Amino acid sequence: MKNINLKVNLAGISLKNPLILESGCFGYGEEYQDLININELGAVVTKTITLKPKVGNPPPRLAETASGLLNSIGLANVGIELFLKEKLPYLKKFSTPIIVSIAGETTEEYLQLIQRLNEEQIAGIELNISCPNVGKKLTVAQDEDKTFGLVKAAKKQTEVPLLVKLSPNVTDITRIAKSAERAGADILSLVNTFSAMSIDVETKSPKLGGILGGLSGPAIKPIALRMLWQVRKTTSLPIIGMGGITDSRDALEFIIAGANAIGLGTAIFINPQAYQGIIKGLKDYLSRKRIDDINKVVASLNEK
Ligand SMILES: Cc1cc2nc3c(=O)[nH]c(=O)nc-3n(C[C@H](O)[C@H](O)[C@H](O)COP(=O)(O)O)c2cc1C
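Rules behind the numbers
Residues numbered from 1 in each chain as written. Predicted model: local features only at pLDDT ≥ 70, side-chain atom pairs only at ≥ 80, totals over all residues. Heavy atoms only, no water. Helix = DSSP H or I, 4+ residues; strand = E, 2+ residues; numbered from the N terminus. Rg over C-alpha atoms; globule rule 2.2 N^0.38 Å. Buried < 20%, exposed > 50% of the residue type's maximum accessible area, 1.4 Å probe, protein only. Contact = heavy atoms within 4.5 Å. Areas by Shrake-Rupley, 256 points an atom, 1.4 Å probe, with all protein chains shown as cover. Lys, Arg positive; Asp, Glu negative; His and termini not counted. Charge placed at Lys NZ, Arg CZ, Asp CG, Glu CD. Near = heavy atom within 4 Å. Polar contact = N/O pair within 3.5 Å; in protein donor to acceptor, adjacent residues only side chain to side chain. Nonpolar A, V, L, I, M, F, W, Y, C, P; charged D, E, K, R; others polar. Pairing = 2+ DSSP bridges. Right-handed = clockwise from strand over helix to strand, strands pointing away.

1. Topic: the overall build of the protein
Consideration 1: Summing up its helical and strand segments, the protein has eight helices and 16 strands in all.
Consideration 2: Computed over C-alpha atoms, the radius of gyration of the protein comes to 18 Å, within 12% of the 19 Å expected from 2.2 N^0.38 for 304 residues, which places it in the range of a compact globule.
Consideration 3: Once the C-alpha set of the protein is aligned to its principal axes, its extents read approximately 55 × 50 × 40 Å.
Consideration 4: Per-residue burial over the protein gives 56% buried out of 304 residues.
Consideration 5: Of all intrachain contacts in the protein linking residues separated by at least 6 positions in sequence, the fraction that spans at least 24 positions is 71%.
Consideration 6: Total accessible area computed for the protein in this model is approximately 13400 Å², and 50% of it derives from carbon and sulfur atoms.
Consideration 7: Of the side chains in the protein, 36 bear a positive and 30 a negative charge, and the two mean positions are spaced by 4 Å.

This is the structure:
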């Protein structure tokens, strides 16, 4: 089938396809320059940036689990000033929309980051309200009122579409999603990693220096998918779905459940070019099903 449309529009951000490289999984982009052509992607979300540089958690910071990856990076990043000076210019060379992920320890810190980013040409700002791996715990995403307050304050200041990344470490993710929507979020991203741990039985020590970490990869996919489907039923906002996506079938499951675009994280560590196979797989599926537009597949779950 000719003329298959993979373009999607997320609250005014125009993506050439629905594939997004997710926060924290491709360095700052330049490290992967020989492996990933950013121009081939729908969008990229940067590593979460904080006001001051952060060294992150003690090593080891990664541990493999059955079908998953456990990380306790602890938001290690270069801080906003160095990011703007040395990292963002590389990403801006591409035609692909750049979404900058930010985190603060207070609302004021988030607002300062937003003010700094308002001076830059970026496509969107994503509030990471949900990282499970920082010493001073980011608990906003576990609380409806805190989510509402932070998103409302951030929305007032933000000059580009505002994304809010939700945590799966909650009893009912739809309540937090609704709070974010009521407060003015333009796009929801879900999910971040699941709080988890692993133990070396020989030494009886936690495998991660930070003891607890965040689980990602195929192990979380069915749970992330369930959350995506639940959130889709409660909101009409565009949603970026992620959690364990490694191939086009995974991507399609999220799109059918209601994702307008999908994020790749851990899959990049396994195969940095996984996105190419997924784009091809989406085209093949649409062609085989005689559907001319990926947007027609969004939220098309046959629930009868
Ligand atoms: C090593 C690593 C670092 C991550 N760093 C961040 C981060 O800085 N900010 C963020 O919002 N999410 C971060 N994430 C979460 C991913 O963006 C993604 O939400 C999560 O891993 C689920 O998707 P996946 O199973 O495709 O990896 C990180 C994940 C991994 C594995």
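2. Quick look at the site of the ligand
Consideration 1: What surrounds the ligand is a group of 24 residues, the closest being Ser 23, Lys 47, Thr 48, Gly 244 and Thr 266.
Consideration 2: One nitrogen or oxygen atom from the side chain of Lys 165 is found 2.9 Å from an oxygen atom belonging to the ligand.
Consideration 3: In the model, an oxygen atom of the ligand is placed 2.9 Å from a nitrogen or oxygen of the Val 191 main chain.
Consideration 4: In the complex, 97% of the free accessible area of the ligand, which totals 600 Å², lies under the protein chains.
Consideration 5: If you list the elements that add at least two residues to the shell around the ligand, you get β6 (68-71) and α7 (266-270).
Consideration 6: The residue inventory of the shell around the ligand, partitioned by class, reads eight nonpolar, 13 polar and three charged.

3. Brief notes about the pairing of strand β9 (residues 162-165)
Consideration 1: The side-chain alternation of β9 yields two buried faces, one formed by Leu 162 and Val 164 and the other by Leu 163 and Lys 165.
Consideration 2: Pairing of strand β8 (residues 124-128) with β9 involves four bridges; the strand directions are parallel. By the bridge assignment, Ile 125 is partnered in β9 with Leu 162.
Consideration 3: Taken together, the three bridges between β9 and strand β10 (residues 187-190) define a ladder with parallel strand orientation. Its bridge partner lying in β10, Val 164 is registered against Leu 188.
Consideration 4: After leaving β9, the chain enters helix α4 (residues 173-182) and then returns to the sheet as β10, a path that is right-handed.

4. Quick notes on the side chain of Glu 126
Consideration 1: Mapped onto the secondary structure, Glu 126 falls in strand β8.
Consideration 2: In this structure the side chain of Glu 126 is engaged in a polar contact, spanning 2.6 Å, whose partner is the side chain of Ser 189.
Consideration 3: Residues in contact with Glu 126, not counting those within four places in the same chain, are Glu 22, Val 45, Ile 99, Val 100, Ser 101, Ile 102, Leu 163, Lys 165 and Ser 189.

5. Things to note about the pairing of strand β15 (residues 239-242)
Consideration 1: Residues Ile 239 and Gly 241 point to one face of β15 and Ile 240 and Met 242 to the other, with burial holding for every one of them.
Consideration 2: Bridge count for β10 against β15 is three bridges, and the pairing is parallel. Bridging from a neighbouring strand, Leu 188 pairs with Ile 239 of β15.
Consideration 3: Here three bridges tie β15 to strand β16 (residues 261-264), and the two strands are oriented parallel to one another.

6. Details of unusual backbone geometry
Consideration 1: Between Pro 59 and Pro 60 the backbone carries a cis peptide bond, its omega angle lying at -10 degrees.
Consideration 2: Examined against the element boundaries, Pro 60 turns out to sit in the loop between β4 (43-45) and β5 (62-65).
Consideration 3: Put simply, Leu 190 and Val 191 share a cis peptide bond, and its omega is 15 degrees.
Consideration 4: Residue placement: Val 191 occurs in the loop between β10 and β11 (194-196).
Consideration 5: If you check the backbone angles, Leu 75 has positive phi at about 60 degrees while not being a glycine.
Consideration 6: Residue position: Leu 75 is located in the loop between β6 and α1 (80-91).
Consideration 7: Leu 75 sits in the buried class, given a relative accessible area of 6%.
Consideration 8: The phi torsion at Lys 204 lies on the positive side, around 55 degrees, for a residue other than glycine.
Consideration 9: Here Lys 204 lies in the loop between β12 (199-200) and β13 (205-206).

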